[in-house]
Amino acid sequence: MAPRFLRELIPRREKRAASGSVVVAFKSLTWVQWIQFWSGWLAWTCDAIDFFAVSLTVNLLAEQFNESTTSITTAITLTLLFRPVGAIIFGILSDRFGRKWPLVFNLLLCCVFELATGFVSTFPQFLGVRAIFGIAMGGIWGLSSASALENLPVELRGIGSGVLQEGYAVGYLLAAVINLTLVAQHGWRVLFWTASGISFFAAGIRMLVPESAFFLRAKEQERARGTNTSHKTKTFIKETKAMLKRHWLLCIYAVLLMTGFNFLSHGSQDLYPTFLEDSKSFSTHDATVATIIGNCGAVAGGAIAGSVSQYIGRRLTIVIFILLVGAFIPLWVIPTSFSALSAGAFCIQVGVQGAWGVIPIQLAEMSPPAFRATFPGVAYQIGNMISAASAQIEATGAANLRTTVIVDGVPKSEANYATVQAIFIGVVSAFVVIITIIGPENHGSHFENHKTAFEEGGGRDDAVAVADSASQTSFREANSEKSNA
């Protein structure tokens, strides 16, 4: 018999998805549900392109502004520090007014600030724009996750979570491809301008996609009751206070969980291209290709883990994939050949992003149901803020822990990124396993049945708006009516 702690990680039989029910759920999806999901995925992909534009061009930026690598990573830190502000602002707007227009406005802001980044001429200007850009970037994840997952049937939310989260890896892939092609010919600025155009395209797509059925239903009911905007805003504030009073401990836990996860992702990705170039003497081209291979592993890991979590539970899936991270750390940093290091990057990202693939649905299910844009988004971005110095920690540690590499037969002292990254990721992985095991899980939650945050009682966990049996039908009907309109 399995140990007690392991049995507690596995959801009860009635909570697990049956393979037949998953197939039926796929067949039942309307085109509106599909496009709502993929518009959320595209928005999150844009966020990743925008963020990793700096990570992939660290050396070019250092040369442009005559600054050290550590100084350039300050821009990454500033972006992460300001992201919680955006998560709070746009999360509240989304839970109060709906998913559609807050996300459209959020994407347009990203477009503007990304475009501005490509026109800066001094290092202080660069830091300033990236700091403000962090506010715009901070709202994307919570809004994308809520938009994508709440319209899917419960049986598909595991795989939906994995595919959604790996929009992050796809964004990294696209940024790497742009870096490999356009940047090589036209310089670093073109990466930011291209990213701006993609964000503008994503905003245009979201404009054409209907509002979430969850909000259409709530707004229709409030309109029937004759509730005005002022009353709904007062109700929203009251229910928010009630939620915080009831769930303050859950808020702390979610922040700790996301702190560990953000240290894990940023620690394994932000300076990996720099590590390959400086410590392994890779060319920029080869470092970029290795990064692309690693992110192919990320896409695969996220989709697999999300699907598996629907059957064995969210927490157990996370633990399994984090253990894979620990197992592949040596392959990730020790080899010297391109093929071996690329294989290490692929395997490590299967583990890191596999675990991450469960996070959107794990946070959505554990969140106070009426606040599943604000709660996950703010927890995620506060974790991001706490982990903001990941790149600087690794860069400073590596600069002080030197190693000798042979370049053209000549010994050369270089920053020891390999040892620092291995220790860093090993410690963070252990923390994530522990914090995951001791946390809650609400596998298979029907949060779509819950009242919105602007309805009376929305702050309570038991404030169900419609019966379970009618809920999925009402959502499909609402989507169908909207698509036929």
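Summary of the structure given here. (Residues numbered from 1 in each chain as written. Predicted model: local features only at pLDDT ≥ 70, side-chain atom pairs only at ≥ 80, totals over all residues. Heavy atoms only, no water.)

### Section: the state of the cysteines
Inference 1: All told, the structure shown has 0 disulfides when counted by the stated rule.
Inference 2: Here C110 stays free of any disulfide, with the sulfur of C46 as its closest cysteine sulfur at 8.2 Å.
Inference 3: Residue C110 is classed as buried on the basis of its relative accessible area of 2%. (Disulfide = S-S within 2.5 Å. Buried < 20%, exposed > 50% of the residue type's maximum accessible area, 1.4 Å probe, protein only.)

### A short note on the packing of aromatic side chains
Inference 1: Taken as a whole, this structure holds 24 aromatic pairs when the rule is applied.
Inference 2: When the centroid spacing of 6.2 Å and the interplanar angle of 45° are considered together, the rings of F90 and F105 count as tilted. Taken as a pair, F90 in helix α5 (residues 69–97) and F105 in helix α6 (residues 100–117) lie far apart in primary sequence, 15 residues in all.
Inference 3: An angle of 85° between the planes, with centres 5.6 Å apart, marks the rings of W188 and F192 as edge-to-face.
Inference 4: For W188, a relative accessible area of 5% puts it in the buried group.
Inference 5: Owing to a relative accessible area of 0%, F192 belongs among the buried residues under this scheme.
Inference 6: Taking NZ or CZ as reference, R83 lies 5.7 Å from the ring centre of F51, over its face. (Phe/Tyr/Trp six-rings, centres within 6.5 Å; stacked < 30°, edge-to-face > 60°. Helix = DSSP H or I, 4+ residues; strand = E, 2+ residues; numbered from the N terminus. Lys NZ or Arg CZ within 6 Å of the ring centre and 35° of its normal.)

### Here's the deal with the layout of surface pockets
Inference 1: Of the voids in this model, the largest pocket is the one considered here, and its volume is about 360 Å³.
Inference 2: The wall of the largest pocket is formed by 21 residues, among which E365, P369, N442, S445 and D461 lie closest to the centre.
Inference 3: Every element with two or more residues in the lining of the largest pocket is listed here: α13 (229–269) and α17 (338–366).
Inference 4: It is α17 that provides the largest number of residues to the lining of the largest pocket, a total of 3 residues.
Inference 5: Every residue lining the second largest pocket is counted, 15 residues in all, and those nearest its centre are M243, L244, T374, F375 and V378.
Inference 6: Mapped by element, the contributors of at least two residues to the lining of the second largest pocket are α5, α13 and α18 (374–386).
Inference 7: Of all the elements, α13 adds the most residues to the lining of the second largest pocket, at 7 residues. (1 Å grid on protein atoms, 1.4 Å probe; cavity = no way out; pocket = protein on both sides within 12 Å on 5 of 7 lines; lining within 4 Å. Points joined across faces, edges and corners; volume = space filled by probe spheres on them.)

### Overview of empty space enclosed by the protein
Where empty space is left in the structure can be found by rolling a water-sized probe over the atoms.
Inference 1: Inspection of every chain in the model, using the stated rule, returns 2 cavities of 30 Å³ or more.
Inference 2: Considered as a void within the structure, the largest cavity measures approximately 80 Å³ in volume.
Inference 3: Y172, S268, Q269, Y272, A290, T291, G294, N295, W332, A345, I348 and Q349 together form the lining of the largest cavity.
Inference 4: Elements with a minimum of two residues in the lining of the largest cavity: α13, α15 (284–312) and α17.
Inference 5: In terms of residue count, the dominant contributor to the lining of the largest cavity is α15 (4 residues).
Inference 6: Partitioning the lining of the largest cavity into residue classes produces 6 nonpolar, 6 polar and no charged.
Inference 7: Counted as a void, the second largest cavity has a volume near 40 Å³.
Inference 8: Forming the walls of the second largest cavity are Q165, Y168, N262, S265, H266, Q353, W356 and Y380. (Nonpolar A, V, L, I, M, F, W, Y, C, P; charged D, E, K, R; others polar.)

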